[in-house]
Protein chains: 2
Amino acid sequence: MTDFWKDTPSLEKLLAEVEAIIVDNLNDPGYPLADQTSALIVSGGKMLRPAMVLMASGFSPTARNSQTRRKIAHIAAAIEILHTATLIHDDILDEADVRRGIPSLHTKFGTANAILAGDWLFSRSFRLVADYAQQKSARVLARFVESVCSAEIRQDLGKFSFSTTRREYLRTIAGKTAALFSLALHVGAAEAKVSPIVTQRLRRAGYDIGMAFQIIDDILDCESDDLTMKKPTGNDLKEGLCTLPLIYALEDKSKADELKTLLAARPIGDEQAGKILKTVNACGALEKARTAARQFTTRARKEIAALPPCLARDELATLTEKLLTRTY
Amino acid sequence: MTDFWKDTPSLEKLLAEVEAIIVDNLNDPGYPLADQTSALIVSGGKMLRPAMVLMASGFSPTARNSQTRRKIAHIAAAIEILHTATLIHDDILDEADVRRGIPSLHTKFGTANAILAGDWLFSRSFRLVADYAQQKSARVLARFVESVCSAEIRQDLGKFSFSTTRREYLRTIAGKTAALFSLALHVGAAEAKVSPIVTQRLRRAGYDIGMAFQIIDDILDCESDDLTMKKPTGNDLKEGLCTLPLIYALEDKSKADELKTLLAARPIGDEQAGKILKTVNACGALEKARTAARQFTTRARKEIAALPPCLARDELATLTEKLLTRTY
């Protein structure tokens, strides 16, 4: 879990409980890849989504009584297990060799087992939700997975065309990232019986945080290196994905022709990606993308400021600032 | 749906309703592979599992009133969608090019989209269950998917070792096939409020039918040809799976050495598989496997005979006989 949460000790403690529930659930004799999956979650995962479930529940005065706390912790675990399932399947799709600094599951155990591991985790997540959450939450969760898959299928069908519009890009990241942030805050609030108005505001804040988070992630992929990001640079590009910085760069008429020629080369390896990213960097596209991220963060900040003042609101505000300013 | 159900017209009509619900659910604008997935289900799928949901519900006097009927039909659809998700992921694992006489999804749209399509179908199935079934059924369903994945991971880790014991084989097919037959009968009965004793008997019958069904499937893979089976012969062998006929053949001391030499060759292509199957056929292993299947069918028959007499029982008996005697 790293020291990501050291500013928020009460949250850190709750997250440790969630982590224990996750490890306990993976340690099922029927699931042969428990150790490797646990390693994936425990080593370097920020537990952002479960933290959001916990923070949202914190807007209820009863959230930290033992019964609600236990329920919320299990739902938070389910959300992280679900997220891990999508990461494992994602790494197969993206042919990514490394995840959080360790070899990805399919690299170590083959595609077949990674598919099955993801499926197993999906099911365990649904089972935890069925066990601990309201039927309504189960439905919302299932719909979320559908929206992720749809977004990913759309993304895959458009790979290497490098013709994504800003609108399409935003729709895709809404489905694949913002939806889960929004869902995490929504479910945490709804399950702790937070008022509908506050729940709705949290859902909107989650969406905005998620959008900002994904745009920043895509920016970092254009500038980071293996050491800081724990994943290779220019990864999106090599996979044929057209993210916001590239979309802005392609909109720059003085660079478009040069970029299109560079993008037409196959395969796009390290060297080619390096050239493309240099051009993207040179034309101010990263700053434009940062501005776009900032717009979502500003909206998120406004939603958060309008929430009832409490420890959970402070925690959420702290997290949002951290996500806006992160450089790795 | 073929004419598999022509002996049981009332069931055939209900299954047409289920098929319509499935097609309707797949026709979601968010799911880009609707047509291809529908084709997979409508063309040649026997709808065995949804039929079991329907038959089991038929043991309740209120099963065919409009509200229960609607609920049961949606749960039956969820079970078939779930089964289809596992088939799509299975075909990736098995590198199978053909499914039900048409190209498999990953052959047509690539592994990435086939993984996502399976995930989407899993979620839609869970959503339907969350919408129409009791929380308990959702839990049972999630646990079932876990058991399938575990069984498949175990199976995959043992591939090409050809050292599976009969016990391990039975455990694997229990997880990957019998569990869903059992679940289908259990959920159909439980959701239609059939008495606990009858529900339990149905669950046991489902297990026995499923075991017999899978053993027969594995026997047919040792003898069928492309025309009748709609899938290539010796497929299991080429994938490195050790099924019951091969296990029996390996237990035959006069054949074991010859077989082990044949099994050591790599890759196992059509010609090599042909030689192995000839040896398996020659030593009576298929007949032994048929006897094993018959034992499960006999047990299933006994359970069915002990059920309260009604149309549903006759339908279930008819189906069981069909499954025992099928040759394709």
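It should be emphasised that the depicted structure is a prediction, and the values quoted were computed from it without experimental measurement.

What counts, and where the lines are drawn
- Residues numbered from 1 in each chain as written.
- Chains lettered and ligands numbered in written order.
- Predicted model: local features only at pLDDT ≥ 70, side-chain atom pairs only at ≥ 80, totals over all residues.
- Helix = DSSP H or I, 4+ residues; strand = E, 2+ residues; numbered from the N terminus.
- Rg over C-alpha atoms; globule rule 2.2 N^0.38 Å.
- Contact = placed C-beta atoms within 7 Å.
- Least-squares fit on C-alpha atoms with pLDDT ≥ 70 in both.
- Nonpolar A, V, L, I, M, F, W, Y, C, P; charged D, E, K, R; others polar.
- Buried ≥ 20, exposed ≤ 12 C-beta atoms within 10 Å, placed from the backbone.
- pLDDT = per-residue confidence, 0-100.
- Expected span 1.5 Å × (residues − 1).
- Arc of directions from axis to C-beta.
- Core = buried A, V, L, I, M, F, W, Y, C linked by C-beta atoms within 7 Å.
- Axes fitted to C-alpha atoms, helices over the stretch in contact; angles between N-to-C directions.
- Parallel < 35°, antiparallel > 145°, perpendicular 65-115°, else oblique.
- Left-handed = near helix turned anticlockwise from the far one by under 90°.

1. Section: the overall build of chain A
For step 1, the next point in the chain: Secondary structure summary: chain A contains 15 helices and two strands in total.
For step 2, the next point in the chain: Relative to a compact globule of 328 residues, whose C-alpha radius of gyration would be 20 Å, chain A shows 20 Å and is just as compact.
For step 3, the next point in the chain: Summarising its shape, the C-alpha atoms of chain A cover approximately 60 × 45 × 35 Å along the three principal directions.
For step 4, the next point in the chain: Here the contacts in chain A between residues at least 6 apart in sequence split such that 74% fall between residues at least 24 apart.

2. With respect to the relation of the copies chain A and chain B
For step 1, the next point in the chain: Between chain A and chain B, the superposition needs a rotation of 180 degrees and an axial shift of 0.0 Å, giving an RMSD of 0.0 Å. Put plainly, the chains are arranged around a two-fold axis.
For step 2, the next point in the chain: When the interface residues of chain A are mapped onto chain B, 100% of them again fall at the interface, so both copies present the same face.

3. Notes on the interface of chain A and chain B
Quoted interface sizes are often the accessible area lost when the parts come together.
For step 1, the next point in the chain: Across the contact, 35 residues belong to chain A and 35 residues belong to chain B.
For step 2, the next point in the chain: Those elements that provide at least two residues to the side of chain A that touches chain B are α4 (66-93), α5 (105-132) and α6 (135-157) of chain A.
For step 3, the next point in the chain: When residues of the side of chain A that touches chain B are assigned to their parent elements, the largest contribution, 15 residues, is made by α6 of chain A.
For step 4, the next point in the chain: In the side of chain A that touches chain B, the residues fall into 18 nonpolar, seven polar and ten charged.

4. Overview of unusual backbone geometry
All names here are of chain A.
For step 1, the next point in the chain: Of note, the bond from Arg 266 into Pro 267 is cis; its omega dihedral lies within 30 degrees of zero at -10 degrees.
For step 2, the next point in the chain: Summarising the element assignment, Pro 267 is placed in the loop between α12 (253-264) and α13 (270-282).
For step 3, the next point in the chain: Positioned with a positive phi, Phe 162 is a non-glycine residue whose angle comes to about 45 degrees.
For step 4, the next point in the chain: Checked against the element boundaries, Phe 162 lands in the loop between α6 and α7 (166-191).
For step 5, the next point in the chain: Assessed through the 20 C-beta atoms surrounding it within 10 Å, Phe 162 is described here as buried.

5. What to know about the environment of Thr 298 of chain B
Residue and element names in this part refer to chain B.
For step 1, the next point in the chain: Take Thr 298: it is sitting in helix α14 (residues 285-305).
For step 2, the next point in the chain: The class of Thr 298 is partly exposed, set by 13 C-beta atoms lying within 10 Å.
For step 3, the next point in the chain: As for Thr 298 and Thr 177, which are separated by 121 residues in sequence, their C-alpha atoms are 18 Å apart.

6. Brief notes about the confidence of the model for chain A
For step 1, the next point in the chain: Per-residue confidence for chain A gives a mean pLDDT of 89, with 96% of residues at or over 70.
For step 2, the next point in the chain: Model confidence for the complex is summarised by a pTM of 0.84, with the ipTM given as 0.81.

7. Some remarks on helix α12 (residues 253-264) of chain B
All names here are of chain B.
For step 1, the next point in the chain: The end-to-end C-alpha separation of α12 is 17 Å, in line with the 16 Å expected for twelve residues at 1.5 Å each.
For step 2, the next point in the chain: Along α12, the residues classified as buried are Leu 259, Leu 262 and Leu 263. Buried residues in α12, looked at end-on, bunch into an arc of 90 degrees, giving them a common side. Relative to its buried face, α12 has exposed residues pointing more than 90 degrees away, namely Lys 253, Asp 257, Lys 260, Thr 261 and Ala 264.
For step 3, the next point in the chain: Packing partners of the buried residues in α12 comprise α11 (244-251) and α13 (270-282).

8. A word on the nonpolar core
For step 1, the next point in the chain: Ranked by internal contacts, the top residues of the largest apolar core, which has 227 residues, are Val 53 and Ala 212 of chain A together with Val 53 and Ala 212 of chain B.
For step 2, the next point in the chain: Contact partners of Ala 212 of chain B, with chain neighbours within four places excluded, come to Ala 293, Phe 296, Thr 297, Ala 300, Leu 323 and Leu 324 of chain B.

9. A short note on the packing of helix α14 (residues 285-305) of chain A against helix α15 (residues 311-325) of chain A
Residue and element names in this part refer to chain A.
For step 1, the next point in the chain: Viewed as axis vectors pointing N to C, α14 and α15 meet at an angle of 170 degrees, and their least axial separation amounts to 10 Å. Classed by the angle they form, the pair α14 and α15 counts as roughly antiparallel. Two secondary-structure elements touch here, α14 through Thr 297, Ala 300, Arg 301 and Ile 304 and α15 through Arg 313, Leu 316, Ala 317, Thr 320 and Leu 324.

10. Regarding helix α4 (residues 66-93) of chain B
Residue and element names in this part refer to chain B.
For step 1, the next point in the chain: The terminal C-alpha atoms of α4, which comprises 28 residues, lie 41 Å apart, in line with the 40 Å expected from a rise of 1.5 Å per residue.
For step 2, the next point in the chain: Where burial is concerned, most of α4 is hidden: 20 out of the 28 residues are buried.
For step 3, the next point in the chain: Of the residues one or two after α4, Glu 95 is the one with positive phi, at around 50 degrees.

11. What about the packing of α6 of chain A against helix α5 (residues 105-132) of chain B?
For step 1, the next point in the chain: For the pair α6 of chain A and α5 of chain B, the least separation of the axes is 8 Å and the interaxial angle reads 160 degrees. Relative to α5 of chain B, the element α6 of chain A is oriented roughly antiparallel. At the point where α6 of chain A passes α5 of chain B, the crossing takes the left-handed sense. Contact residues: α6 of chain A offers Gln 135, Ala 138, Arg 139, Ala 142, Arg 143, Val 145, Glu 146, Cys 149, Ser 150, Glu 152, Ile 153 and Asp 156 of chain A, while α5 of chain B offers Ala 112, Asn 113, Leu 116, Asp 119, Trp 120, Ser 123, Arg 124, Phe 126, Arg 127, Ala 130 and Asp 131 of chain B.
For step 2, the next point in the chain: For the contact of α6 of chain A with α5 of chain B, the class distribution of residues is ten nonpolar, four polar and nine charged.

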